[in-house]
Amino acid sequence: MWKYLVKKEFKQFLRDPGMPGMVLMFPFLIILVFPFATNMEIRNVRLVMVDNDHSDRSHLLMEKCASSGWFEVLDVNAAPESAQALMDRGRTDAILTIDNGFSQYLEDTRGGGGSVPVGIKVNTVNGTRGSIAGQYLNTCVTGFISDNMVSSSAAAMPGFDVSGSYRFNPYLDYKLYMIPGLIVIAITMMCGFLPALNIVSEKEKGTIEQINVTPVKKTAFIACKMVPYVAVAYFMVFTCLLLAYLVFGYSCRGSYFAIIVYTLAHILVMASFGLLVSNFSENTQQAMFVIWFFSMIFMLMSGVFTPIESMPQWAKTITYANPLRYFADAMRAIFLKGCGIRETWPDLACLLGIGSLTMTWAVLSYKKTA
Amino acid sequence: MGNGAIEILGVSKSYGKTLALDNVSLEISKGEIFGLIGPDGAGKTSLFRILTTLTLPDAGTATVGGRDVVRDYSAIRCSIGYMPGHFALYQDLSVEENLKFYATVFGTTIEENYDTIRDIYSQIEMFRDRRARDLSGGMKQKLALCCALVHKPSVLFLDEPTTGVDAVSRREFWAMLGRIRESGVTIMVSTPYMDEAGLCDRIALILGGRIIGTGTPEEIVSGYPERLYAARGGNMFGILKVLRGVEGVTRCSSFGCECHVSVPEGGPDEKVLLRALAEAGMTGCSVEPIKAGIEDCFMSLS
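Definitions and limits used
- Residues numbered from 1 in each chain as written.
- Chains lettered and ligands numbered in written order.
- Predicted model: local features only at pLDDT ≥ 70, side-chain atom pairs only at ≥ 80, totals over all residues.
- Heavy atoms only, no water.
- Helix = DSSP H or I, 4+ residues; strand = E, 2+ residues; numbered from the N terminus.
- Rg over C-alpha atoms; globule rule 2.2 N^0.38 Å.
- Buried < 20%, exposed > 50% of the residue type's maximum accessible area, 1.4 Å probe, protein only.
- Contact = heavy atoms within 4.5 Å.
- Areas by Shrake-Rupley, 256 points an atom, 1.4 Å probe, with all protein chains shown as cover.
- Pairing = 2+ DSSP bridges.
- Axes fitted to C-alpha atoms, helices over the stretch in contact; angles between N-to-C directions.
- Domains from an automatic or database assignment.
- Parallel < 35°, antiparallel > 145°, perpendicular 65-115°, else oblique.
- Left-handed = near helix turned anticlockwise from the far one by under 90°.

Glancing now at the overall build of chain A. Secondary structure summary: chain A contains 16 helices and 4 strands in total. Rg of the C-alpha trace for chain A: 28 Å, well past the compact-globule value of 21 Å for 370 residues, more than 25% over. By principal-axis analysis of the C-alpha atoms, chain A measures approximately 95 × 45 × 40 Å. Here chain A holds 370 residues, and the buried ones make up 49% of them. Excluding contacts between residues fewer than 6 apart, the proportion of contacts in chain A whose partners are at least 24 apart in sequence is 79%. Just so you have it, chain A exposes about 18,800 Å², and 63% of that area is on carbon and sulfur atoms.

Residue and element names in this part refer to chain B. With mixed pairing, the 6 strands of this open sheet are ordered in space as β6-β7-β8-β3-β9-β10. Unpaired on one side and paired on the other, β6 (80-83) and β10 (210-215) mark the two borders of the sheet. Neighbour to neighbour, the strand axes of the sheet diverge by 15° on average, direction disregarded. When strand β3 (residues 33-37) meets strand β9 (residues 202-207), the two strands line up parallel, connected through 4 bridges.

The next thing to look at is the domain arrangement of chain A. When cut into domains, chain A gives domain 1 (2-38 + 174-365) and domain 2 (45-156). For domain 1 of chain A and domain 2 of chain A, the distance between their C-alpha centres works out to 49 Å.

A few words on the packing of helix α8 (residues 174-192) of chain A against helix α11 (residues 218-248) of chain A. Helix-helix packing is characterised by the crossing angle of the two axes and by the distance between the axes. All names here are of chain A. α11 packs onto α8 with a crossing angle of 160° between their chain directions and a minimal axis gap of 10 Å. As judged from the angle between their axes, α8 and α11 are roughly antiparallel. α8 and α11 meet at a crossing whose hand is right-handed. Contacts between α8 and α11 involve Lys175, Ile179, Ile183, Ala186, Ile187, Met190 and Cys191 from the former and Tyr229, Val232, Ala233, Met236, Val237, Cys240, Leu241, Ala244 and Phe248 from the latter.

Structure follows, in structure tokens:
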């Protein structure tokens, strides 16, 4: 009997006009399209330079900036007003102003007293882009100044040469960082919420009533419903990992067993949450809206797209209740750092904790409504 | 209580403030077709849902096949067939897959119980690979009946099986019910159509959650307490208005192209009624005594 219940779910799943296509398409989108779209690296910063010094040195500085590869130089000899106008209209991201006295400053043998006659103005409508553009320009200018100071500043200013080494993702490859996170999103969307919609639609069509007058236990019926979605989740996870390896050469550094365990745990949490929603919804449309509302919160507050560390404290507190946070955290740790369950167990514990809570609530409310 | 197939004793059910069933008691014998007749919203489906163990009664007890609907619900589920008012099979599974599915969940196979369903299934077997959603209304109904019968239930519950079905299919359907009954299955069927009442062995009239009459259709009809006349004529609305004004008429309501006038013993007879019509200037009318139908009984009981 169980076998036939599962078989029926698979049949219905495969006969759905959209589902099989979506399941096949998703891994390709996740690996081949989304990592590029969610890229946060800033390139092609538009730059306008205003030169009031008109010296060899100022020209050299401008050349250095232009050849750094970070900027798309729009104008090298703009009038201050026109440069400002460009920024006001949002046509440029940064303005570099070199005041007269720049070459004197460099030749000053006293060793760089006073302020540097260079101005940096950054358009921060897009905060991330602006701050990164500012950093790039700063790096260029300070580099140029320390290279070209006539007086040896080494004695005057003992400097520290801080060189960073990036662990786990040495080239700061954003794609590598995003792929495990995007897998988490995909699993949540395809396998977390769809079983709930499936149950609500059976409720809506009245077919669940016909099942309820048979000797089939409700729990068995729902458990069988989950089977195809668990299968789909594993299919997607492993297709994504395979594609990531074939296309980008990224391989998972941690244990596949841990991925299997976390995926299952996450599906159970999301499915029990979905079941909870389905208990309180009369039709699929209602359930869709509720699920859509929560999935927005889950995704944006999961740390997949923006780091949780940079959220304000109250937002951080909310993320503790978000199962996606733990799954995403664990997946990144496994994929990038090569962790296993032993290193990530707090994530698993939290995931299972939330899961048992929602599951209990879901089962209790299910019994009540039935 | 006797050894009825279904016994209902003082069952009440309310949804919030709406009282759906009010102290309903019924006894249905083995092997009969029992009709539950009443308009929409009378409580038919609520009673069915209690008997099929889908909802719990607020008060009262009910047994199906001698088993209590609350305590022995799982045993009942194995021995009844239920066909809800709407088509509740899987639209995206084929005819055969649906039937096989329901056979399997009841722990049986199509082959094992083929005798029970052969009569009906043979009519749709040629479409066995067609998806249920692509079947016509009548075919869907036959498939649903097959699925409800595939595990050889001892009691069959049919909730408004003929609502929205054409006249020919309805007659066919009732003929099928007759044949199912011959195999010893008790059938409880609900319908809003009064003309189908005569096809049942026994009926109960239900209105506003109360049973307002039970018995064989003949008993119900012969229990009509008054004399009944049918008035015909050109101006139906005029006739209705005039006859309602005649002293001694208890009730006058339109039935299709005629007007049924209910008069107590010793009240005005057809001549009086005809004269009243003539006095009101309505000519070419006829009034004649008729036998009461189920619908008339329903009107008099409600």
